[in-house]
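Descriptive analysis of the structure
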Amino acid sequence: MGGSINKLTDLAIKNAKPGKSPRRFADGGGLFLEIRPNGAKYWRLAYRFDKKQKLLALGVYPQVSAPEAREGARIAREHLAAGRDPGLLRKSAREGNGNSGEDTFQAVALEWLERFKNEWTESHHKGISGRIKRELFPWIGARPVNEITAPELLACLRRIEARGHLENAHRTLTNAGQVFMYAIATGRAERNPAADLRGAIPRPRVKHMATILDPKQVGILMTAIDEYSGSPITRCALQFTAHVFLRSKEIRFAEWFEIDFDRQEWRIPLAKMKGKKRDKEASPNAYHIVPLATQTIAILREVQALTGEGKYVFPGLRGSKPISDATMTNALRRMGYDKEDLHVHGFRAMARTLIRQELGFDEEPIERQLGHAVKGPLGAAYNRADFIQERKKMMQAWADYLDGLKAGAKIVPIGAVV
């Protein structure tokens, strides 16, 4: 199983047929799928410890998917690197009485959260931790992790579903599955009951943020923002949002030290970007670059005269905190745009669609500009410098396009406050 190995696809696994004797299909790094003559498919990790060749069981397909098996293998290799035999760990757990407190769901979950907290942003870690402690610990926290059944876990999810929180139920199921896979890899469980619950909870209906995609209506919108008679800081915040189309939180928490007027760039620390994992190897000064068009710089210069002495580019009324999402939303409502017409987050979809359709830019620079990680040969590695020259051209073209739309917009939105 040496050399370069292509990962097994789900289709290849489903189509793999049994033989007269067990067949092994390599997935890489010692992980393989063994198919028995009766058709049963088992994940196994081949490893050496103390000069002996050994095998570690990582579950049965399809209850344990390929990504879950790879995660279990990765954790087992961590134990090997630390001088621990993952097979011996499992044997010790199996021979124990199961009530030591170290193999309860709560103990395993807390250990998993601690081990991987540096892999996530602080807010993401807080969200996962709070969800597990709130939705699972009261019901199955004290149970030995190896004894928890799929119906027990489903009962927890049904409680969430009964409150109407389907998205939270699915996230809880995902996190529970990660804890169980960690328990398998560390020798405290033999299977993942979360895998048996795929399809047991209805999928939530996806709600897309309201936006405007008709170029003529975009021109009317931008004119309405320019003529907004409320706070000039709020007006500038909405103008800036339309030009850079990042997430509302990233814009609201923008700080003056991040703005480089000479380079015409906004450099956002990656720790402030949604979904960006902390990279132990990266410089603490790693950032996401946002090229700023000439018009965008003009917006910043205008608001700098009002807020430049403070911390935030767009502060709230008290100055010590950033402008709120509600303030920006209420401004749109005052201009006559209700929640069915436009949401602050809708500027992202507006720009994404029109830059592609009207300006003809490729998808990849648009996605990088939005702050999305683009998967490549190395996975979802985030290259903050990719397409920077292309994105500079794109951002200036977008600003010029908005100016052109405003030039042809003479209509005031219905219900606008004048």
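Residues numbered from 1 in each chain as written. Predicted model: local features only at pLDDT ≥ 70, side-chain atom pairs only at ≥ 80, totals over all residues. Heavy atoms only, no water.

**Section: the sheet that holds strand β7 (residues 287-291)**
- Taken together, three strands build an open sheet; the order of strands is β5-β6-β7 and the sheet is antiparallel. Of all the strands in the sheet, just β5 (259-260) and β7 have a single pairing partner and so form its edges. (Pairing = 2+ DSSP bridges. Helix = DSSP H or I, 4+ residues; strand = E, 2+ residues; numbered from the N terminus.)

**Let's talk about helix α15 (residues 363-370)**
- Extensive coverage of α15 is indicated by the burial of six of its eight residues.
- Looking only at α15, the buried set comprises Pro-365, Ile-366, Glu-367, Arg-368, Gln-369 and Leu-370.
- If you follow the buried residues of α15, they end up packed against α10 (232-244), β7, α14 (346-357) and α16 (388-407). (Buried < 20%, exposed > 50% of the residue type's maximum accessible area, 1.4 Å probe, protein only. Contact = heavy atoms within 4.5 Å.)

**Focus: the packing of helix α2 (residues 66-81) against helix α8 (residues 166-185)**
- For the pair α2 and α8, the least separation of the axes is 8 Å and the interaxial angle reads 45°. Between α2 and α8, the angle is such that the two are oblique. For α2 against α8, the interelement crossing comes out right-handed. Residues Glu-68, Ala-69, Gly-72, Ile-75, Ala-76 and His-79 of α2 lie in contact with α8, whose contacting residues are Met-181, Tyr-182 and Ala-185.
- Grouping the constituent residues of the contact of α2 with α8 by class yields six nonpolar, two polar and one charged. (Axes fitted to C-alpha atoms, helices over the stretch in contact; angles between N-to-C directions. Parallel < 35°, antiparallel > 145°, perpendicular 65-115°, else oblique. Left-handed = near helix turned anticlockwise from the far one by under 90°. Nonpolar A, V, L, I, M, F, W, Y, C, P; charged D, E, K, R; others polar.)

**A short note on the pattern of salt bridges**
- A full pass over the atoms with the stated rule returns 26 salt bridges.
- The closest approach of N and O atoms between Arg-352 and Glu-367, which form a salt bridge, is 2.7 Å. Taken as a pair, Arg-352 in helix α14 and Glu-367 in helix α15 lie far apart in primary sequence, 15 residues in all. (Salt bridge = Lys/Arg side-chain N within 4 Å of Asp/Glu carboxyl O.)

**Here we look at the packing of helix α9 (residues 215-226) against α16**
- At a closest axis distance of 8 Å, the pairing of α9 and α16 adopts a crossing angle of 90°. Between α9 and α16, the angle falls in the class roughly perpendicular. Two secondary-structure elements touch here, α9 through Pro-215, Val-218, Gly-219, Met-222, Thr-223 and Asp-226 and α16 through Tyr-401, Leu-402, Leu-405 and Lys-406.
- Residues of the contact of α9 with α16, tallied by class, amount to six nonpolar, two polar and two charged.

**Concerning the packing of aromatic side chains**
- By the definition in use, this model includes ten aromatic pairs.
- On the basis of an interplanar angle of 55° and a centroid distance of 6.4 Å, the ring pair of Trp-112 and Phe-116 is categorised as tilted. In this pair, Trp-112 and Phe-116 both sit in helix α4 (residues 105-116), four residues apart, roughly one turn of the helix. The same class applies to Trp-112 and to Phe-116, which are both buried.
- Assessed through its relative accessible area of 6%, Phe-116 is described here as buried.
- Following the ring pairs from residue to residue traces out a cluster consisting of Phe-105, Phe-137 and Phe-180.
- Between the NZ or CZ atom of Arg-159 and the centre of the ring of Trp-139, over which it lies, the distance is 3.7 Å.
- The ring of Phe-261 carries Arg-301 above its face, with NZ or CZ at 3.7 Å from the centroid. (Phe/Tyr/Trp six-rings, centres within 6.5 Å; stacked < 30°, edge-to-face > 60°. Lys NZ or Arg CZ within 6 Å of the ring centre and 35° of its normal.)

**As for the pairing of strand β2 (residues 31-35)**
- Counted residue by residue, β2 has five buried out of five residues, so it is predominantly covered.
- Residues Leu-31, Leu-33 and Ile-35 line one face of β2 and the alternating positions Phe-32 and Glu-34 line the opposite face, and both faces are buried.
- Across five bridges, strand β1 (residues 23-28) lies against β2 in antiparallel orientation. Within β2, the residue paired with Phe-25 across the bridge is Leu-33.
- The pairing of β2 with strand β3 (residues 41-49) spans five bridges and is classified as antiparallel. Note that in β3 the partner of Ile-35 across the bridge is Lys-41.
- What sits between β2 and β3 in their antiparallel hairpin is a turn of five residues, with Gly-39 showing a positive phi close to 95°.

**Focus on the side chain of Asp-85**
- Positionally, Asp-85 belongs in the loop between α2 and α3 (86-95).
- Within polar-contact distance, the side chain of Asp-85 engages the side chain of Tyr-47 at 2.6 Å.
- Only 2.6 Å separates the side chain of Asp-85 from the side chain of Lys-54, close enough to count as a polar contact.
- Among residues more than four places away in sequence, those in contact with Asp-85 are Tyr-47, Phe-49 and Lys-54. (Polar contact = N/O pair within 3.5 Å; in protein donor to acceptor, adjacent residues only side chain to side chain.)

**Some words on the sheet that holds β1**
- Reading across from one edge, β1-β2-β3-β4 is the order of the four strands in this open sheet, with antiparallel pairing throughout. With partners counted over all chains shown, the strands left at the sheet margins are β1 and β4 (52-61), one partner each. Mean inter-strand twist for the sheet, computed between neighbouring axes without regard to direction, equals 30°.
- Relative to the sheet, α2 contacts β1, β2, β3 and β4, its axis offset from that of β3 by approximately 15°.

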